[in-house]
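# Observations on chain architecture
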Amino acid sequence: MVNHEKSNENEKLASPEDQRCWEIFHRSKDGMVREFQVIGAIASDYKRWGVDDASREIHKEIIRAAREGDVEKRIEDELNPDGTISRMGIVRKSDGATLVEQRVYSTEGDEPKYDFEQIHDYIQKGVIDESEALQLALAFGILNGVDSLAGLNQRDFRHDLGHIKEKIIRYYNREYQKALFKDDGKDRDGLHHEIIDGDIPLVRFDGAEFKMLVHVRDAMHSAQGDHKEIGEDDPKQAWTTPRPGKDVIPHGLSTSLISSENINIYMNGEIIFGFTEIEDDSIVTMSEEDCGSSTAARSRFSITGNHGNERLMLPDELLIRTGRPDAMSNFNEVVLDRFADGSYGKTEKLIMPNCIVVFGKDASEITDSQKHYAKSFGIPIYLIDGSKYGGVHVLGDA
């Protein structure tokens, strides 16, 4: 979300507004709307992508088919012949039938509205100061072509905006750092520690409060019909090296925030990585549903969503908004930068999982693969008894 000087040859400058925004911000108008929306400068009810009820149901059918192993292939997204953009979720099932969901980019309707209330809240909390709030307001005015550019040093202005966005993003990262579960190694009501198989720490959750980020291994690959083997001789080494056929480790890592009040996950996989420690720059974007982020991103700047629903939210707000009836899914997405360590990927330090998450009542439900992953990473297993937390809700369940 930080401004940078790289141009994007794929951005269309189809209108005078786009050309003007590109000159000043090195973004198209849509690109700037996306960045303002993420940091909260645009009202949260604004969406760039539209989806109807039929596509929402097809989406759920696609997920059910994927979970049942009935998806042969996911087909690439498409553009409409008239030049408008549609995001087409298309899969071919094993019997040859196709399922198509469509999200259409809206070129009509309300213009995005500046969120004065949110900006005021940032000022009150000391996230930004009043002069920085005025710079955001000026940028939003320029975005809509209503302010004078007289005397504006565009390069300095871009630099200042990037600094402001960094401060806002780091504020949310700090809030998640404070909210995530911290294990002190002590037993208490609903939380118990033991050792299994000689040397694997086990933390059993049967009522204790928690919040954590989870990443289901290969969840998206299985949804695309590309089922991979779970077993690896050295899982930690696999985490720190590019996948077969790839030349880099992707920056993007899709996780979901779960809590003792809300356990919603995407796909039910055997290996679930848990994250309870993050850096000031780890989180780059999020949504109350799938935001279509790039997990193959080569830099934090390319970790963007394509569903038009990205917006940074505090942990409790994100959990409350997860699984709403009108949402495309019942899970949220919090996108991390694997390389986030305060240096924007300039070092080789990778974010590492803090635990392996298992949903079950007792240690007998922990598989050999889950134990193998815990040993390889040298991390504990967090065993969560879903029956003590209102159940585990998996997208695709009937």
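Residues numbered from 1 in each chain as written. Predicted model: local features only at pLDDT ≥ 70, side-chain atom pairs only at ≥ 80, totals over all residues. Heavy atoms only, no water.

What follows is about the packing of aromatic side chains. Taken as a whole, this structure holds 18 aromatic pairs when the rule is applied. Between Trp 239 and Phe 377, the aromatic rings sit 6.1 Å apart at their centres with planes inclined by 85°, giving edge-to-face as the arrangement. Of the two residues, Trp 239 is situated in helix 8 (residues 235-239) and Phe 377 in helix 10 (residues 368-377); the sequence distance between them amounts to 138 residues. On the basis of relative accessible area, Trp 239 is assigned to the buried category, the value being 9%. Ring pairing ties together the aromatic residues Phe 181, Phe 205, Phe 210, Tyr 382 and Tyr 389, which thus form one cluster. It is Arg 338 that lies over the ring of Trp 239; its NZ or CZ is 4.9 Å from the centre. (Phe/Tyr/Trp six-rings, centres within 6.5 Å; stacked < 30°, edge-to-face > 60°. Helix = DSSP H or I, 4+ residues; strand = E, 2+ residues; numbered from the N terminus. Buried < 20%, exposed > 50% of the residue type's maximum accessible area, 1.4 Å probe, protein only. Lys NZ or Arg CZ within 6 Å of the ring centre and 35° of its normal.)

For the rest of this paragraph, the subject is the pattern of salt bridges. Applying the stated rule across the entire model yields 20 salt bridges. Here Asp 197 and Lys 371 are joined by a salt bridge, their closest N and O atoms 3.5 Å apart. Note that Asp 197 is positioned in the loop between strand 5 (191-196) and strand 6 (200-205) and Lys 371 in helix 10, a separation of 174 residues in sequence. Across the pair Asp 247 and Arg 298 runs a salt bridge whose closest N-O atoms are separated by 2.9 Å. A residue pair is termed long-range when its members are at least 10 positions apart, and Asp 247 in the loop between helix 8 and strand 8 (252-259) and Arg 298 in the loop between strand 11 (283-287) and helix 9 (315-321) qualify at 51 residues. Judged by relative accessible area, which is 56%, Arg 298 ranks as exposed. (Salt bridge = Lys/Arg side-chain N within 4 Å of Asp/Glu carboxyl O.)

A low pLDDT score tells you not to read the predicted coordinates there in detail. On average, residues of the protein carry a pLDDT of 83, and 84% of them reach 70 or more. Every residue in residues 1-11 is under pLDDT 50, and counting partners more than four places away or in other chains gives 32 contacts. Counting interchain partners and residues more than four positions distant, the pLDDT-below-50 stretch residues 221-227 has 17 contacts. (pLDDT = per-residue confidence, 0-100. Contact = heavy atoms within 4.5 Å.)

In this section: the pairing of strand 10 (residues 272-275). Moving residue by residue along a regular strand, the side chains alternate between the two faces of the sheet. Of the two faces of strand 10, both are covered, the one formed by Ile 272 and Gly 274 as well as the one formed by Phe 273 and Phe 275. The pairing of strand 7 (residues 211-216) with strand 10 spans four bridges and is classified as antiparallel. Residue Val 216 lies in a different strand from strand 10, and its bridge partner there is Ile 272. Sheet analysis places strand 10 next to strand 13 (residues 355-359), joined by two bridges and oriented antiparallel. Looking at strand 13, one finds that Phe 273 is bridged to Ile 356. (Pairing = 2+ DSSP bridges.)

The next subject is the sheet that holds strand 11. Read across the sheet, nine strands follow the order 5-6-14-13-10-7-8-12-11 without closing on themselves; strand pairing throughout is mixed. Edge positions in the sheet fall to strand 5 and strand 11, since each has one partner strand and no second. Direction aside, the axes of adjacent strands within the sheet are offset by 35° on average. Bridge count for strand 6 against strand 14 (residues 381-384) is four bridges, and the pairing is parallel. The residue bridging Leu 202 from the neighbouring strand is Ile 381, located in strand 14. Helix 10 rests against strand 5, strand 6, strand 10, strand 13 and strand 14 of the sheet, and its axis sits at about 160° to strand 13. (Axes fitted to C-alpha atoms, helices over the stretch in contact; angles between N-to-C directions.)

Take unusual backbone geometry next. Backbone geometry at His 26 places phi at a positive 60°, although glycine is not the residue there. Topologically, His 26 is positioned in the loop between helix 1 (16-25) and helix 2 (29-39). Of note, the phi angle at Asp 197 is positive, near 50°, even though the residue is not glycine.

A few words on the environment of Asn 264. Mapped onto the elements of the fold, Asn 264 is located in strand 9 (residues 264-265). Spatially, the C-alpha atoms of Asn 264 and Phe 331 are 5.1 Å apart, while their sequence positions differ by 67 residues. Other than its neighbours up to four places away in sequence, Asn 264 contacts Ser 256, Ile 258, Thr 322, Asn 330, Phe 331 and His 393.

What follows concerns helix 3 (residues 53-67). Residues spaced three or four apart along an α-helix point in a common direction, a consequence of the helix completing one turn every 3.6 residues. Over its 15 residues, helix 3 runs 22 Å from end to end, which matches the ideal 21 Å to within 8%, given 1.5 Å per residue. Every buried residue belonging to helix 3 is among Ser 55, Arg 56, His 59, Ile 62, Ile 63, Ala 65 and Ala 66, and all of these are buried. After helix 3 finishes, the residue Gly 69 shows a positive phi value of roughly 70°. (Expected span 1.5 Å × (residues − 1).)

Another point: the environment of Leu 383. Within the element layout of this structure, Leu 383 appears in strand 14. We classify Leu 383 as buried; its relative accessible area is 2%. Taking C-alpha positions, Leu 383 is 6.0 Å from Val 203, a pair spaced 180 residues apart along the chain. Excluding its chain neighbours within four sequence positions, the residues that come into contact with Leu 383 are Leu 202, Val 203, Arg 204, Phe 205, Val 358, Gly 360, Lys 361, Asp 362, Ala 363 and Ile 366.

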